[in-house]
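Chain and residue survey
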Amino acid sequence: MSFLRALVCILCPPLAVLDKGCGSVLITLILTCVGWIPGVIAAIIFCKK
């Protein structure tokens, strides 16, 4: 994962996982709405795969 991708994961998690598919975007969006930290964690996990 590049530095720019990690930065996008932290600043706007749903945008970071757009290329991973609709399911990952939806999960990350829901977790970001619940709390910012869970959204960031989910985005980092999806981007590492």
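In short, a report on the structure. (Residues numbered from 1 in each chain as written. Predicted model: local features only at pLDDT ≥ 70, side-chain atom pairs only at ≥ 80, totals over all residues. Heavy atoms only, no water.)

With that settled, consider the packing of helix α1 (residues 3-11) against helix α4 (residues 36-48). Between α1 and α4, the least distance of the axes is 8 Å, while the angle of their chain directions is 150°. The pairing of α1 with α4 is recorded here as roughly antiparallel in orientation. Here α1 runs over α4; the crossing is right-handed. For the pair formed by α1 and α4, the contact residues are Arg5, Cys9, Ile10 and Leu11 on the first element and Trp36, Val40, Ala43, Ile44 and Cys47 on the second. For the contact of α1 with α4, a count of residues per class yields eight nonpolar, no polar and one charged. (Axes fitted to C-alpha atoms, helices over the stretch in contact; angles between N-to-C directions. Helix = DSSP H or I, 4+ residues; strand = E, 2+ residues; numbered from the N terminus. Parallel < 35°, antiparallel > 145°, perpendicular 65-115°, else oblique. Left-handed = near helix turned anticlockwise from the far one by under 90°. Contact = heavy atoms within 4.5 Å. Nonpolar A, V, L, I, M, F, W, Y, C, P; charged D, E, K, R; others polar.)

By themselves, these are just geometric observations and shouldn't be taken as functional.
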